[in-house]
Amino acid sequence: GAVVSQHPSWVICKSGTSVKIECRSLDFQATTMFWYRQFPKQSLMLMATSNEGSKATYEQGVEKDKFLINHASLTLSTLTVTSAHPEDSSFYICSAIGTSGRAGETQYFGPGTRLLVL
Amino acid sequence: TQLLEQSPQFLSIQEGENLTVYCNSSSVFSSLQWYRQEPGEGPVLLVTVVTGGEVKKLKRLTFQFGDARKDSSLHITAAQPGDTGLYLCAGALNQGGKLIFGQGTELSVKP
């Protein structure tokens, strides 16, 4: 149980285009999903917290107009990188928890999406 | 700023050796989770520790949560090449399920 999927697993795009990444909880309902960014050999950096039916909460320094997050259902959250540039190239990972943020709730991670912007 | 200091950041050892990874913070966590991540994949949960002083074992891996719930350690006995990967500790605060991640430990076990 507690499987999270991401699509696509990798994407290459031209500079200036927008890219949408999907995160799905396959066997549970996720009221809260998280989006992370990870550079090679480094830890995960939280970008935003996404709650179903409400606006995402962005971490300091993350541009909300650049990284659009939508959490329209209890099993799906999307991250759209708008007008992507080479510096946006990274590994994007989502995670989900099964309750509305109870302390100590385990986060289950997706397999990640590798984005390369040319 | 809540920080979780993880050390060492890099570790290269021979097969059969033991190792310990540490995570320390000045913050008190409601729980602490350990993950292992392989290149190009998402983190996979190894264990969650909740109670201060708790010790959990997973085959050759031993996890300990400090009495004050501010620190944790991961000890691997007789490491094997299959243990190679990035190990991440993450502390949970009472902030809507948010996790604070350590810097990660890149472990390489050579045969």
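Our subject is the structure listed above.
Model, not experiment: these values are computed from the prediction. (Residues numbered from 1 in each chain as written. Chains lettered and ligands numbered in written order. Predicted model: local features only at pLDDT ≥ 70, side-chain atom pairs only at ≥ 80, totals over all residues. Heavy atoms only, no water.)

Caption draft 1: Inspection of the pattern of salt bridges at higher detail. By the definition in use, this model includes seven salt bridges over all chains. Residues A:Arg24 and A:Glu22 are paired through a salt bridge, measuring 3.4 Å at the closest nitrogen-oxygen approach. Judged by relative accessible area, A:Arg24 falls into the partly exposed class, the value being 33%. B:Lys98 is the salt-bridge partner of A:Glu59, the closest N and O atoms lying 3.1 Å from each other. (Salt bridge = Lys/Arg side-chain N within 4 Å of Asp/Glu carboxyl O. Buried < 20%, exposed > 50% of the residue type's maximum accessible area, 1.4 Å probe, protein only.)

Caption draft 2: Quick peek at a nonpolar patch on the surface. The grouping of A:Trp10, A:Ile12, A:Leu116 and A:Leu118 at the surface amounts to a nonpolar patch, some 450 Å² of accessible area in total. By relative accessible area, A:Ile12 is classed as partly exposed at 49%. (Patch = residues over 30% accessible without salt bridge, like charges linked within 9 Å, V, L, I, M, F, W, Y side chains within 5 Å. Areas by Shrake-Rupley, 256 points an atom, 1.4 Å probe, with all protein chains shown as cover.)

Caption draft 3: Quick peek at the pairing of strand 11 (residues 113-117) of chain A. All names here are of chain A. Judged by which residues are buried, strand 11 turns out to be one-sided: Thr 113, Leu 115 and Val 117 face inward and are buried, whereas Arg 114 and Leu 116, on the alternate face, are not. Here four bridges tie strand 2 (residues 10-13) to strand 11, and the two strands are oriented parallel to one another. Pairing of Cys 13 across the sheet is with Val 117, part of strand 11. Where strand 9 (residues 90-97) and strand 11 come together, three bridges link them in antiparallel fashion. (Helix = DSSP H or I, 4+ residues; strand = E, 2+ residues; numbered from the N terminus. Pairing = 2+ DSSP bridges.)

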